[in-house]
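# Structural overview
Each chain is listed here by its residues.
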Amino acid sequence: MRKFSCFFSIFLIGALILSSFLLLLNVSTVFSEQKDDNNTTPIIVSEPFFLSTTGKLLTKLVIGSPGLVSSNLTNLANTDVSCVFMVQIEDVESNIVFKNFVVLTVPAGKTYTVGIMWIPEKTGNFTIKTWCQKSVTNLTRISNEALSLVGVKKASSVIMVSALPLKVKVGEKISVTGRIEPPHANVEVTITYARAGKVEDTHKVITAPDGSFSDVFKPNLSGVWKIHASWLGDYNHEGATSRKVTFTVTKISTSLEISPLPKEVEVGKKLTITGKITPPLAGIKVTLTYIKAGEVKITHTVTTTSNGTFTDTVIPDAGGIWKVKASWEGNEKYEASKSQELTFEAIEKRCIIATATYGSELAPQVQYLRGFREAIVYKTYAGSQFMKLFNTWYY
């Protein structure tokens, strides 16, 4: 009986210990479940960032170019968590311009990087919001909401231009070609032609389907010219201006010609000089220079007619060999030019003494005396009066 009583006591003690252990185990489970229930945000979402489709970090977004709106998801729970990763993009007026999601499972204690593709359709500043929720239908959030701001810009463009030939004369054609990259069809391109820092002309052309354009230009002035092309851009692309291309325009060559002259002209008689300029230029000033004995110069200025011809009249006032040539200074379009020098002899009453002494009116000594008379004696008042008196008496 005593043995039975002892065994029964041991049994009661064991049962009591087992019950206490089970009670403690149950309490621990309850606490554990309560702890998990209180952990309603087991996912930490990082600030959104952007990746290219190849995984490269993007520092700017361009309209029309795809990018992955990404965040790092860190699971703080000790079990895998299935969730829905949400992306919402709002403009400056809080209008939702994009919203999408992806379903995934984040392993316990791991960090996943997840992204959703977005192709911006307009420029401006946008707010990016990312978070995780339990499911597509259960909107209960199990993460923080992460924010970032991003600006979307227009895509850049490039415009190129070239010209051939790079050296022409005034009025000759310059062929201009170019293109826009990326190609834009049916857009307006402005081609600017400048000379000496001043815009002389602008042409508007329209691009072909491949973004190319062309123009023809005839410069009307000589000098160094510069060409550049530009376009204003469109909804998706910024405008652009090309580099400057330099070309040189030279003046058009000209030539002056005097019609043949008679070999001899009597002193005091009128002589008509005719000539022309090639190419025919109307209204230009032509200078006729006459050189008589003693290298004395006389200049006349005449104006060309509509067909480029000119006429002058001279009355030789001294005997001897006369020379005549025509010239003009040119302008911004045409080069200066000079005619060949022509000669004629002005015949006067013979100086009997000088001619008899040297044997001929054309003897160098006689020409020298004539030159001395024209260049020295006639240049003074006393000399000119003396020659009038002498000629009256002598002839």
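All of these numbers come straight from a predicted model, not from anything done at the bench.

This brings us to the environment of Lys 276. Along the chain, Lys 276 turns up in strand β21 (residues 271-278). A sequence separation of 10 residues divides Lys 276 from Val 286, and the C-alpha atoms of the two residues are 9.6 Å apart. Those residues in contact with Lys 276 that lie beyond four places of it in its chain are Ser 255, Leu 256, Glu 257, Gly 308, Thr 309 and Phe 310.

Throughout the structure, instances matching the rule amount to seven salt bridges. Where salt bridges share partners, they join Arg 195, Glu 200 and Glu 332 into one cluster.

Here we come to the confidence of the model for the protein. Of all residues in the protein, 80% attain a pLDDT of 70 or more, and the chain-wide mean is 86. Below pLDDT 50 for its whole length, residues 1-8 participates in zero contacts with residues either more than four positions away or in separate chains. Every residue in residues 20-38 scores below 50 in pLDDT, and together they form zero contacts with partners more than four places removed in sequence or on other chains.

Mapped onto the secondary structure, Ile 321 falls in strand β25 (residues 320-328). Between the C-alpha atom of Ile 321 and that of Ile 291, which follows or precedes it by 30 residues, the distance is 8.5 Å.

Looking now at the pairing of strand β13 (residues 188-195). Burial within β13 is extensive, with seven of its eight residues counted as buried. Here β13 pairs with strand β14 (residues 198-206) via eight bridges, running antiparallel. Each bridged residue has a counterpart across the sheet, and for Tyr 193 the counterpart in β14 is Asp 201. Linking two consecutive strands that pair antiparallel, namely β13 and β14, is a turn of two residues; a positive phi of about 55° is found at Ala 196 within it. Summarising the sheet, β13 and strand β16 (residues 223-233) pair through six bridges and their orientation is antiparallel. Bridging from a neighbouring strand, Ile 191 pairs with Ala 229 of β16.

Within the largest apolar cluster, 26 residues are counted, with the highest numbers of intra-cluster contacts made by Ile 43, Leu 73, Phe 85, Ile 89, Trp 118 and Cys 132. Elements with a minimum of two residues in this core: β1 (43-45), β4 (67-75), β5 (81-90), β6 (96-106), β7 (111-118), β8 (124-133) and β9 (146-153). Here this core gets five residues from one element, more than from any other, and that element is β5. Beyond its immediate chain neighbours, meaning those up to four positions away, Trp 118 contacts Phe 50, Leu 61, Ser 65, Pro 66, Gly 67, Val 69, Ile 89, Phe 98, Phe 126, Ile 128 and Val 152. In terms of nonpolar packing, the next biggest core, distinct from the first, is built from 24 residues, Val 170, Val 176, Val 245 and Val 249 among them.

It is worth spelling out the sheet that holds strand β3 (residues 61-62) at this point. Strand order in the open sheet made by the five strands is β3-β9-β8-β5-β6, with mixed pairing throughout. In the strand order of this sheet, the two ends are held by β3 and β6, each with one partner. Note: β3 against β9, two bridges, orientation parallel. Note on β9: the bridge partner recorded for Leu 61 is Val 152.

Going residue by residue along strand β18 (residues 245-250), you find Val 245, Phe 247 and Val 249 tucked away on one face and Thr 246, Thr 248 and Thr 250 left uncovered on the opposite face. Bridge analysis of strand β11 (residues 167-169) against β18 gives three bridges, and the strand direction is parallel. Across the sheet, Lys 169 pairs through a bridge with Thr 250, a residue of β18. Bridge count for β16 against β18 is five bridges, and the pairing is antiparallel. For Trp 225, the partnering residue across the bridge sits in β18 and is Phe 247.

As a further point, take the side chain of Thr 130. Within the secondary structure, Thr 130 is located in strand β8. In this structure Thr 130 comes out as buried when scored by relative accessible area, which is 0%. Within the structure, the side chain of Thr 130 is placed 3.1 Å from the side chain of Ser 71, a separation counted as a polar contact. Each residue touching Thr 130, except ones within four places of it in the same chain, is listed here: Val 45, Ser 46, Pro 48, Val 69, Ser 71, Phe 85, Met 86, Val 87, Asn 144, Glu 145 and Ala 146.

A separate point is the packing of aromatic side chains. Tallied over the full model, the rule gives six aromatic pairs. Residues Trp 322 and Phe 344 carry aromatic rings whose centres are separated by 5.9 Å and whose planes lie at 20° to one another, so their mutual orientation is stacked. Of this pair, Trp 322 sits in strand β25 while Phe 344 sits in strand β27 (residues 342-347), and the two are 22 residues apart along the sequence. For the pair Trp 322 and Phe 344, a shared accessibility class is recorded, and that class is buried. The positively charged end of Arg 141 is found above the aromatic ring belonging to Trp 131, 4.0 Å away from the centroid.

Trans is the prevailing form of peptide bonds, just as negative phi is the prevailing case for residues other than glycine. Here Leu 164 and Pro 165 are connected by a cis peptide whose omega angle stands at -10°. Considering the arrangement of structural elements, one finds Pro 165 in the loop between β10 (158-164) and β11. Thr 278 connects to Pro 279 through a cis peptide bond whose omega is -5°. By the secondary structure assignment, Pro 279 is in the loop between β21 and β22 (285-292). Of note, Asn 186 is a non-glycine position whose phi angle comes to about 60°, a positive value. Note on placement: Asn 186 falls in the loop between β12 (174-181) and β13. On the basis of relative accessible area, Asn 186 is assigned to the exposed category, the value being 63%.

Conventions and cut-offs
- Residues numbered from 1 in each chain as written.
- Predicted model: local features only at pLDDT ≥ 70, side-chain atom pairs only at ≥ 80, totals over all residues.
- Heavy atoms only, no water.
- Helix = DSSP H or I, 4+ residues; strand = E, 2+ residues; numbered from the N terminus.
- Contact = heavy atoms within 4.5 Å.
- Salt bridge = Lys/Arg side-chain N within 4 Å of Asp/Glu carboxyl O.
- pLDDT = per-residue confidence, 0-100.
- Buried < 20%, exposed > 50% of the residue type's maximum accessible area, 1.4 Å probe, protein only.
- Pairing = 2+ DSSP bridges.
- Core = buried A, V, L, I, M, F, W, Y, C linked by side-chain atoms within 4.5 Å.
- Polar contact = N/O pair within 3.5 Å; in protein donor to acceptor, adjacent residues only side chain to side chain.
- Phe/Tyr/Trp six-rings, centres within 6.5 Å; stacked < 30°, edge-to-face > 60°.
- Lys NZ or Arg CZ within 6 Å of the ring centre and 35° of its normal.

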